[in-house]
Amino acid sequence: MLRLQGPLPAGYTDASPDALADRIRAAKAHLGDSLLILGHHYQRDEVMVWADARGDSYGLARIASASEARWIVFCGVHFMAESADILTIPDQVVMLPDLNAGCSMADMADLESVEEAWDEIARVTDIDRVVPITYMNSSAALKAFVGEKGGAVCTSTNARAVLDWALDRGDKVLFFPDQHLGRNTGYAMGFTEADMRVWNPRLELGGLEEVDVKKSTFLLWKGHCSVHQRFRPQHVEEARRDHPRVTVVVHPECARDVVEMADQVGSTDFIIKAVEAAPAGSTIAVGTEIHLVQRLAAEAAKDNKTVFSLDPLICPCSTMFRIDAAHLCWVLEELVAGRVVNQISVPDETAKWARVALERMLAIV
Ligand code: 13P
Ligand code: SF4
């Protein structure tokens, strides 16, 4: 999807970090309780310090749905802002400070290819027994698709509960767009590779034999996160070699071989709690986006804990990184001037079914 963010005026790009901070502070004070700034854990510190609430994608969706703020500035990526818009009432306005903050994984499944896959699966198996589940990291159109077809959304926090729910309702799950979250969750539920097949949307029948489609419990969309796929088993081996008492904690978007070798696996919020719960003096290697790891490392150092990135090469999420203090300042000052910029507004018909899918998820956990 093409999303265009024009360049900011020079008054923002040329401003010093201190000047931007003063201006954000003043705009926030002016907007008061009518404003809610949400910050995903991958945001830079210069943005995160202004967040009224921090969270993983599940937690932020919950906070947005319970919020009464008139203006919600979502410091995260596009699919998160869309979900916030869907879960709030029409009078509430959701804004994304940089419209180019998308998610490359979310872009790996689009409505047309998912509908094609659905029709192809329907030709070889009883489609009424197939439950579509989309990861939160997907467009509103895909959330609407699963809502209409009796499925639900899941996040890395609740994927297991949502997949349990799905398999109570059917025999098979079509899971998109992240094959790794689907596979890792399937294994955690006791399934094996024999129960799973990867659906390649570029190939006829997903590149599978009819018998595979019929027999498998999980059809996993061939999608991945470019940040998390960088973590390799060799990184876990090196961490254990260099720090024999290390605890390895990774996000479930990592590949199966990495997750298998890790000590703990969970969402960004889970990772934060795991570090907080570790005793003083411990060493923790974290497999997720670098801004979160760096923030954790700074916090944990105060408690005499060592936190480092599992991948020694910096591993940022380039789209999360697009949100900076300048864009945040711009959105807030425009609001103060009575102008809404970068509103994320999901069309009513899409929002109706996407809300069904999101509310199913929120009711499950
Ligand atoms: P969380 O739901 O764990 O915050 O993950 C979102 C995400 O995009 C991870 O890459
Ligand atoms: Fe998307 Fe990966 Fe960035 Fe998460 S880390 S927002 S899945 S590209």
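Starting afresh in each chain, residues are numbered from 1 along the sequence in its written order. Throughout, the order in which chains and ligands are written sets their labels, letters from A for the former and numbers from 1 for the latter. For a predicted model such as this one, the threshold for reporting local features is a pLDDT of at least 70, and the threshold for listing and counting side-chain atom pairs is 80 or more; totals across whole chains, interfaces and linings nevertheless cover every residue. Note that the side-chain values use all heavy atoms of the structure and ignore hydrogens as well as water.

What follows is about the environment of Trp-165. Note on conventions: DSSP H or I runs of at least 4 residues are helices, E runs of at least 2 residues are strands, and numbering of each starts at the N terminus. Among the secondary structure elements, Trp-165 is positioned in helix H8 (residues 159-169). With 117 residues separating them along the chain, Trp-165 and Met-48 place their C-alpha atoms 34 Å apart. Contacts between residues were defined by any pair of non-hydrogen atoms, one from each residue, lying within 4.5 Å. Setting aside chain neighbours within four positions, we find Trp-165 in contact with Val-131, Ile-133, Gly-150, Gly-151, Ala-152, Arg-360 and Ile-364.

Moving on: empty space enclosed by the protein. Grid points spaced at 1 Å and placed over the protein atoms alone form the basis of the search, with a cavity being a set where a 1.4 Å probe fits but cannot get out and a pocket an open set showing protein on both sides within 12 Å along at least five of seven lines. Lining residues have an atom within 4 Å of a point. Grid points are joined across faces, edges and corners, and a volume is the space filled by probe spheres set on the points. Across all of its chains, the model carries one cavity of 30 Å³ or more by this definition. Counting only elements with at least two residues in the lining of the largest cavity, the list comes to helix H4 (57-66) and helix H5 (78-87). Considered class by class, the residues forming the lining of the largest cavity number six nonpolar, two polar and no charged. Put simply, Ala, Val, Leu, Ile, Met, Phe, Trp, Tyr, Cys and Pro go in the nonpolar bin, Asp, Glu, Lys and Arg in the charged bin, and everything else, Gly too, in the polar bin.

This part takes up H4. All of the buried residues along H4 are Ser-57, Tyr-58, Leu-60, Ala-61 and Ala-64. Taken end-on, H4 shows its buried residues confined to a sector of 165°, consistent with a single buried face. Tucked inside the fold, the buried residues of H4 contact strand S1 (35-40), strand S2 (53-55), strand S3 (71-75), H5 and helix H16 (348-364). Note on exposure labels: buried denotes an accessible area under 20% of the residue type's maximum, exposed denotes more than 50%, and partly exposed covers the range between, all computed with a 1.4 Å probe on protein chains only. Picture the helix axis, draw a direction to every C-beta atom, and the arc is the one those directions span.

Moving on, we come to the site of ligand 1. Inspection of the region around ligand 1 gives His-40, Tyr-42, Asp-56, Ser-57, Asn-137, Ser-156, His-228, His-251, Glu-253, Ser-267 and Thr-268 as its neighbouring residues. Identification of polar contacts relies on pairs of N or O atoms within 3.5 Å, with a donor-acceptor requirement for protein atoms, meaning one able to donate a hydrogen and the other able to accept it, and with residues adjacent in sequence counted only if both atoms are side-chain atoms. Ser-57 is positioned with one of its side-chain polar atoms (N or O) 2.5 Å from an oxygen atom of ligand 1. In the environment of ligand 1, an oxygen atom lies 3.1 Å from a nitrogen or oxygen atom belonging to the side chain of Asn-137. Cavities and pockets are treated as containing a molecule whenever more than half of the molecule's atoms lie within 2 Å of their grid points. Comparing atom positions with the cavity grids shows ligand 1 to sit within the largest pocket. Residue composition of the shell around ligand 1, grouped by class: one nonpolar, eight polar and two charged. Neighbouring residues are identified by heavy atoms, a residue being near a molecule or strand if any of them is within 4 Å of it.

This next bit is on the site of ligand 2. Taken together, Tyr-42, Cys-103, Ser-104, Met-105, Asn-137, Cys-225, Val-227, Glu-253 and Cys-317 make up all the residues around ligand 2. Among the cavities detected, the one that contains ligand 2 is the largest pocket. Partitioned by chemical class, the residues of the shell around ligand 2 number six nonpolar, two polar and one charged.

Helix-helix packing is described using two parameters, namely the angle between the two axes and the distance between the axes. Following both chains from N to C, one finds helix H13 (residues 268-277) and helix H14 (residues 290-301) inclined at 20°, their axes separated by 11 Å at the closest point. Classified by the angle their axes make, H13 and H14 are roughly parallel. Our pair here, H13 against H14, has a crossing hand that is right-handed. Facing Thr-268, Ile-271, Ile-272 and Val-275 of H13, the residues of H14 in contact are Leu-292, Leu-296 and Ala-300. In terms of residue class, the contact of H13 with H14 is made up of six nonpolar, one polar and no charged. To obtain an axis, a line is fitted to C-alpha atoms, over the contacting stretch when the element is a helix, and the angle between two such axes runs from 0 to 180 degrees between their N-to-C directions. Roughly parallel here means an angle under 35 degrees, roughly antiparallel means over 145, roughly perpendicular means 65 to 115, and every remaining angle is called oblique. Definitions for this section: a left-handed crossing has its near helix turned counterclockwise from the far helix by less than a right angle. A right-handed crossing has that turn clockwise.

Only buried residues count toward a nonpolar core, which is a set of Ala, Val, Leu, Ile, Met, Phe, Trp, Tyr and Cys residues joined through side-chain atoms within 4.5 Å. Grouped together as the largest cluster of nonpolar side chains are 131 residues, with contacts concentrated most on Val-73, Ile-133, Phe-176, Leu-310 and Leu-332. Of all the elements, helix H15 (residues 325-336) adds the most residues to this core, at eight residues.

Quick look at the layout of surface pockets now. The computed volume of the largest pocket comes to approximately 300 Å³. Lining the largest pocket are 24 residues, with Tyr-42, Cys-103, Asn-137, Glu-253 and Cys-317 sitting closest to its centre. For the lining of the largest pocket, the residue count by class is eleven nonpolar, eleven polar and two charged.

We now examine the sheet that holds strand S6 (residues 152-154). Read from one edge to the other, the open sheet built from five strands follows the order S6-S5-S7-S9-S8, with strand pairing classed as parallel. At either margin of the open sheet sits one strand with a lone partner, and together these are S6 and strand S8 (196-199). Each strand axis lies, on average, 25° off the axis of its neighbour in the sheet, ignoring direction. DSSP calls a pair of strands paired once it identifies at least 2 bridges connecting them. Note that strand S5 (residues 130-135) and S6 share three bridges and pair parallel. Across the sheet, the residue bridging to Tyr-135 is Cys-154, located in S6. The strands touched by helix H6 (residues 111-124) are S5, strand S7 (172-176), S8 and strand S9 (218-221); relative to S9, the strand with the most contacts, the crossing angle is about 155°. The strands touched by H8 are S5, S6, S7 and S9; relative to S5, the strand with the most contacts, the crossing angle is about 165°.

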